[in-house]
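Report on the structure
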Amino acid sequence: MTSRRYPVVIAAIAVMGGLALAPVAVATPRGDGVDARNVAAYWTAARMAAAVPRDISTDAHGHWYIRGRDGALHAYGANGFPAPIATKGKPGGSGTGTIANAVWSKGGAVETATGRLYFSMAGGDWVCSGTTVTNLNPNPAVSLILTAAHCVYDDANKAFATNVMFIPDLAASGTATSGTCLGDYVFGCWKPSYGVVSGDWTRATWPSNIPYDYGIYVVSNTGAHAGGGAFTGALDALGALPITWDTDTVTGGMLTDAIGYTYKYDPQLMYCEQGLQAVSGVYGGEPYVNRWLSACRLGGGSSGGPWMAAMPAGAGPVISLNSWGYQGRPGMAGPNLQLAEPRCVYDKASTAPAPSEPDGYVATCP
């Protein structure tokens, strides 16, 4: 375990490039403490150790895969499309500041904001990364976790994840996947009330919905916590990162950190760093452009982890998240969050009443 200074409470960071909105009256999401304890009890040490990273990758022929519980690659989505290999921006794999894969050592709010997500989906148990983000609107009843949509909603089987549990600052505990929520993690575990994704994600199947691979878990600020000693505050009181919605602050070549929890280096928080690029393609008849870090070698389990402007270290703002990569070679893609629809999904997560469907809410955005 590396030596670290554990923050108790980190003040919320002001949102960069965002507009303050008037408070909106909303229904308080479910945050039943018994339900939180039940989900924590579901995640035994054996189940946590057996959970599979839900990471999407493509090969040179444009076939898409996800690694199954048997450890083998399985076809995912609609295969047969050409792989999106056209890139633009700063050359990959070289240049000042390029880091392919290293233990995060810069400190900052990202350490307590970022955590590991466990969830059940498609008949199995999975793991991703996620980040507590600043609640801009604000709705004081909830905290928000940003992650990849494929870690929230199964677009192939059209169903939300269940048994969702978030462990912030896993690295601070020094406990790998063999731990248990009720005793081994410094800040305990959190049971989200439900997930929120874009309707454009749910109506299509990968890779036609690549641009919409972002989602939010909504966590009640009361009753969602289990374990973790005496800490009983709101999740975002541990630390929350701002998302920037301003396109002018995200420019080609800007030094960018992509962060996540991977099984290979469990329980360390890992990152890659280089100048921001772009990767483009056409799926489902529609062109798209993703953010792209061509030298990144983050491993399985990092899906959904945040991308931040590298300075100031560890403070954000979040500009994208880990979405997909290539098999057998470096590279990580992330959705463009500086568009109207991601902001709409975020606003719906913060302001919409709790959905009638227990596990999720599909945001209808213009």
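Our subject is the structure that appears above.
Below: a short report on this structure.

1. Section: the overall build of the protein
Secondary structure assignment for the protein yields six helices and 25 strands. Counting only residues that meet the buried cut, the protein has 57% of its 366 residues in that class. A separation threshold of at least 6 residues defines the contact pool for the protein, and within that pool the share at least 24 residues apart is 73%.

2. Some thoughts on the packing of aromatic side chains
A full pass over the atoms with the stated rule returns 11 aromatic pairs. A centroid spacing of 5.6 Å and a plane angle of 75 degrees characterise the contact between Trp324 and Tyr326, whose relative ring orientation is edge-to-face. Comparing Trp324 with Tyr326, the two get one shared label, buried. Put simply, the rings of Trp64, Trp201, Trp206, Trp292, Trp324 and Tyr326 pair up and form one aromatic cluster. Above the face of the Tyr326 ring, Arg329 is positioned so that its terminal group lies 3.9 Å from the ring centre.

3. Things to note about the sheet that holds strand β6 (residues 99–103)
Spatially, five strands are ordered β6-β18-β17-β21-β22 in an open sheet, and the strand pairing comes out antiparallel. Since the sheet does not close on itself, it has two edges, and those belong to β6 and β22 (318–321), each with one partner. Neighbouring strand axes in the sheet, compared pairwise and without regard to direction, differ in orientation by 25 degrees on average. Alignment of β6 against strand β18 (residues 269–275), held across three bridges, turns out to be antiparallel. Residue Ile99 lies in a different strand from β18, and its bridge partner there is Glu273.

4. Let's talk about the state of the cysteines
Evaluated as defined, the whole model comprises three disulfides. Each sulfur in the disulfide pair Cys128 and Cys151 lies 2.1 Å from the other. Because the sign of the S-S torsion sets the handedness, a value of about -75 degrees for the bond joining Cys128 and Cys151 places this disulfide among the left-handed ones. Of the two residues, Cys128 sits in strand β8 (residues 124–133) while Cys151 sits in the loop between β9 (142–147) and β10 (153–154), which places them 23 residues apart along the sequence. Residue class for Cys128 comes out buried when judged on its relative accessible area of 0%. Bridging Cys272 to Cys296, the disulfide has an S-S length of 2.2 Å. When the S-S torsion is -90 degrees, as for the bridge of Cys272 with Cys296, the disulfide is left-handed.

5. Side note on the environment of Ile99
Looking at where Ile99 falls in the secondary structure, it is placed in strand β6. On the basis of relative accessibility, which here comes to 26%, the residue Ile99 falls in the partly exposed class. Put simply, Ile99 and Tyr271 are 172 residues apart on the chain and 7.9 Å apart in space, counted from C-alpha to C-alpha. Beyond its immediate sequence surroundings of up to four residues, Ile99 is in contact with Tyr271, Cys272 and Glu273.

6. Overview of helix α6 (residues 340–351)
Here α6 contains 12 residues, and its C-alpha end-to-end distance of 16 Å stays within 8% of the 16 Å for a straight helix at 1.5 Å per residue. Taken across its 12 residues, α6 has nine buried, putting it largely inside the fold. Residues Glu341, Pro342, Arg343, Cys344, Val345, Tyr346, Asp347, Ala349 and Ser350 constitute the buried set of α6. On its buried face, α6 sits against β8, β9, β14 (194–198), α5 (199–203), β15 (215–220) and β25 (360–363).

7. Quick look at the pairing of strand β7 (residues 114–121)
A regular strand places its side chains so that they alternate between the two faces of the sheet. When you tally the buried positions in β7, you get eight out of eight residues, the bulk of the element. Pairing geometry for β7 and β8, over eight bridges, is antiparallel. The partner of Phe119 across the bridge, within β8, is Trp126. In textbook terms, the turn of a hairpin is the stretch between consecutive antiparallel strands, and for β7 and β8 this stretch comprises two residues, one of which, Ala122, has a positive phi near 55 degrees. Inspection of the sheet shows β7 paired to strand β12 (residues 162–168) by five bridges, in the antiparallel sense.

What counts and what doesn't
Residues numbered from 1 in each chain as written. Predicted model: local features only at pLDDT ≥ 70, side-chain atom pairs only at ≥ 80, totals over all residues. Heavy atoms only, no water. Helix = DSSP H or I, 4+ residues; strand = E, 2+ residues; numbered from the N terminus. Buried < 20%, exposed > 50% of the residue type's maximum accessible area, 1.4 Å probe, protein only. Contact = heavy atoms within 4.5 Å. Phe/Tyr/Trp six-rings, centres within 6.5 Å; stacked < 30°, edge-to-face > 60°. Lys NZ or Arg CZ within 6 Å of the ring centre and 35° of its normal. Pairing = 2+ DSSP bridges. Axes fitted to C-alpha atoms, helices over the stretch in contact; angles between N-to-C directions. Disulfide = S-S within 2.5 Å. Expected span 1.5 Å × (residues − 1).

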